[in-house]
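# Chains, contacts and geometry: an overview
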Amino acid sequence: MRRAAQLLRRTAPYALPGATVAACDADKFTVEKVTVIKIPHLRDQGFPGANKSNVAAFGYAKFVSDDDCVLGDIVVNGPSHTTKAYTRAGPREKLHFDPKDSRCAIVTCGGLCPGLNTVVKNLVEILESRYGVERIYGIRGGYRGFTSVGWDAPLELTADGVANIHREGGTMLGTSRGGFEAEKIVEWLRAKRVNQLYVIGGDGTHRGAYKLAELCWEKGVDVSVAGVPKTIDNDIGIIDRSFGFMTAVSEATRAIEAARTEAESNRPNGIGVVKLMGRSAGFLAAFATLASQDVDLCLVPEVPIVLEDALPHLERVVDKKGHAVVVVAEGAGEELLGASAEKDAGGNKKLPPIGAWLTKQIKAYFKGTNREVTVKYIDPSYMVRSVPADAGDSYLCMLLAHAAAHGAMAGYTGFTVGLVKNKSVMIPIPELARTSPRSMNARGRTWERVVAVTNQPCAVARKEVAWAAGQHARTMTAKDRAV
């Protein structure tokens, strides 16, 4: 809390020569309460730990105090404000585990994402090269790798063995959905004398990781469980962004460029349709649209599809440019196609074929106007997630891997890591799970930018304008009407 208060100190406003700055009235602007989100620690569960100095591994480093925190909100609206704060990640001066007695395990779960190998590499390297951990297991094939035998038997990972894996997409450990058996996994950890488990996966994987942490407490097993959040959809709550997301955006723009080329070249009236990942959140479709600057219509799960607006808009674009490009997220249009009751092994509901359906609707609309149209449909879904991380995501993967290792070695457990306001923090897994999956704000700045770039009709805005007009009409007096 003391650190949080220090962050709120004000400094005098600074202005460039010739600039005018309006200073905030300090008496009318206050932060009333800062709630620091507590991270579970193994000592609080009755495990005393080694309480070993960390100077040998990080004697040169500036250790992070347990009082250091990062404010969750930096944009304040109104005279008073309350906010949450998250414990800052980084090396601690005291270690819960003696590195020489430590055994670690790393597992990757769920779908692929750019940067999985980079996270694994950086975890292994910091644990072995900096902390001096001598045995690190790589669990193959997700959670099921703890309980089955044969092809998915654990690997023993070394810094030399993972030195170049960041250059490849996918995960060297393999991955899968399902296969979570908490009792058997904890027994495996006990049998192998593993005291640190690193779990890389989405919100469902993290919920499983927290169950493991709780079960370890109940059974008296001194194990730290640390997560690294992963999702191609960027729909993990609290954190600024997920690793691999911006790489996927870059790959998605390649597909959009191909769709534009097809649309421009195939006449008459060429239209390229690109379906991107985005089960319940349209971040990938929206960011790829903004990055490419070539999209004329972007459809996402958060905004209802109004064909009566969207299809005439495409016709106008084709009339003007001779071609058009459409981007649609895989989860869009459920209000038209209906939600599926079927689920996959990971518990996710199966999605209707929005891309093929949309292509059919476009063709039918143009046929109804007696116009020929050439529609090219591109589905790069798995291509955008199976590539290596780019430079920016590789750096983020390193930050997250180091943050997880520092937290686990210090004895924190049941936590995950991420950037909040561009600072690396630790987050209790239940807090992350409670806010995930998140969706894009259909009335927010990102969607506003998408509409501005594509010039497409905004279904949300249209309804709200109509509602506001109705409210205004109902509240006008007779005199107002006469004027």
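This structure is a prediction, so every number in the text was calculated from the model and none was measured.

Counting secondary structure elements, the chain contains 15 helices and 16 strands. For the chain, buried positions account for 50% of its 483 residues. Sequence separation of at least 24 residues holds for 77% of the intrachain contacts in the chain that already meet a minimum separation of 6. Per element, the accessible surface of the chain, about 22,600 Å² overall, is 50% carbon and sulfur.

So, about the pattern of salt bridges. Evaluation of the coordinates by the stated rule reveals 19 salt bridges. In this structure, E181 engages K184 in a salt bridge whose closest nitrogen and oxygen atoms are separated by 3.2 Å. With a shortest N-O distance of 2.8 Å, D296 and K321 are connected by a salt bridge. One end of the pair, D296, is in the loop between helix 7 (283-292) and strand 12 (297-299); the other, K321, is in helix 8 (residues 307-321), with 25 residues separating them in the sequence. For D296, a relative accessible area of 7% translates into the label buried. Taken together, the salt bridges that share partners define one network made up of K84, E431 and R434.

This brings us to the sheet that holds strand 14 (residues 374-378). An order of 12-13-11-14 is seen for the four strands of this open sheet, with the pairing classed as parallel. The two strands at the open ends of the sheet, each matched to only one other strand, are strand 12 and strand 14. Averaged over all neighbouring strand pairs, the angle between strand axes comes to 15°, with direction disregarded. Where strand 11 (residues 270-276) and strand 13 (residues 323-329) come together, seven bridges link them in parallel fashion. Looking at strand 13, one finds that V273 is bridged to V326.

Relative to each other, helix 4 (residues 182-191) and helix 5 (residues 203-219) sit at 65°, their axes nearing to 10 Å. Note that helix 4 runs across helix 5; the crossing there is right-handed. For the pair formed by helix 4 and helix 5, the contact residues are A182, E183, I185, V186, E187, L189 and R190 on the first element and L212, L215, C216 and K219 on the second. Here the contact of helix 4 with helix 5 is built from residues that sort into seven nonpolar, no polar and four charged.

What follows concerns the packing of aromatic side chains. Any aromatic ring pair is given by two values, namely how distant the centres are and how the planes are angled relative to each other. Scanning all chains against the criterion turns up six aromatic pairs. Taken together, a centroid distance of 5.2 Å and an interplanar angle of 75° make the contact between F146 and W188 edge-to-face. Residue F146 is found in the loop between strand 7 (135-139) and strand 8 (155-156), and its partner W188 is found in helix 4; the two are separated by 42 residues along the sequence. Summarising the burial analysis for this pair, F146 and W188 share the class buried. Here Y365 and F366 contribute two aromatic rings whose centre-to-centre distance is 5.7 Å and whose plane-to-plane angle is 85°, an arrangement assigned as edge-to-face. Note on F366: relative accessible area 0%, which makes it buried. The positively charged end of R438 is found above the aromatic ring belonging to F283, 5.4 Å away from the centroid.

Bringing the confidence of the model for the chain into the picture now. Of the residues in the chain, 86% have a pLDDT of 70 or more, and the chain-wide mean is 88. The low-confidence segment residues 3-23, where pLDDT is below 50, has 18 contacts with residues more than four positions distant or belonging to other chains. Counting interchain partners and residues more than four positions distant, the pLDDT-below-50 stretch residues 465-483 has four contacts.

Here strand 6 (residues 103-108) lies mainly inside the structure; six of its six residues are buried. Across the two faces of strand 6 the burial is the same, with R103, A105 and V107 and C104, I106 and T108 all buried. Note: strand 6 against strand 7, five bridges, orientation parallel. Bridge pairing in strand 7 places I106 opposite G138.

Further remarks concern the nonpolar core. Counting residues in hydrophobic clusters, the biggest one holds 106 residues, and the most contacted among them are I106, Y198 and F243. Sorting elements by how many residues they give to this core places helix 11 (residues 391-409) first, with nine residues. In this structure, I271, V317, V326 and L358 belong to the second largest nonpolar core, which totals 21 residues.

Moving on, we get to the packing of helix 3 (residues 116-130) against helix 11. Orientation of helix 3 relative to helix 11, taken along the N-to-C sense of each, is 45°, at an axis distance of 8 Å. As judged from the angle between their axes, helix 3 and helix 11 are oblique. The interaxial crossing formed by helix 3 with helix 11 has right-handed handedness. In this structure, helix 3 contributes T118, V119, N122, L123, I126 and L127 to the contact, and helix 11 contributes S394, C397, M398, A401, H402, A404, A405, H406 and M409. Of the residues in the contact of helix 3 with helix 11, the class split is ten nonpolar, five polar and no charged.

Within the fold, T108 resides in strand 6. On the basis of relative accessibility, which here comes to 1%, the residue T108 falls in the buried class. Looking at T108, its side chain comes within polar contact range of the main-chain oxygen of G174, at 2.9 Å. Residues in contact with T108, not counting those within four places in the same chain, are L116, V120, G142, T171, L173, G174, T175 and I200.

So, how was this worked out
- Residues numbered from 1 in each chain as written.
- Predicted model: local features only at pLDDT ≥ 70, side-chain atom pairs only at ≥ 80, totals over all residues.
- Heavy atoms only, no water.
- Helix = DSSP H or I, 4+ residues; strand = E, 2+ residues; numbered from the N terminus.
- Buried < 20%, exposed > 50% of the residue type's maximum accessible area, 1.4 Å probe, protein only.
- Contact = heavy atoms within 4.5 Å.
- Areas by Shrake-Rupley, 256 points an atom, 1.4 Å probe, with all protein chains shown as cover.
- Salt bridge = Lys/Arg side-chain N within 4 Å of Asp/Glu carboxyl O.
- Pairing = 2+ DSSP bridges.
- Axes fitted to C-alpha atoms, helices over the stretch in contact; angles between N-to-C directions.
- Left-handed = near helix turned anticlockwise from the far one by under 90°.
- Nonpolar A, V, L, I, M, F, W, Y, C, P; charged D, E, K, R; others polar.
- Phe/Tyr/Trp six-rings, centres within 6.5 Å; stacked < 30°, edge-to-face > 60°.
- Lys NZ or Arg CZ within 6 Å of the ring centre and 35° of its normal.
- pLDDT = per-residue confidence, 0-100.
- Core = buried A, V, L, I, M, F, W, Y, C linked by side-chain atoms within 4.5 Å.
- Parallel < 35°, antiparallel > 145°, perpendicular 65-115°, else oblique.
- Polar contact = N/O pair within 3.5 Å; in protein donor to acceptor, adjacent residues only side chain to side chain.

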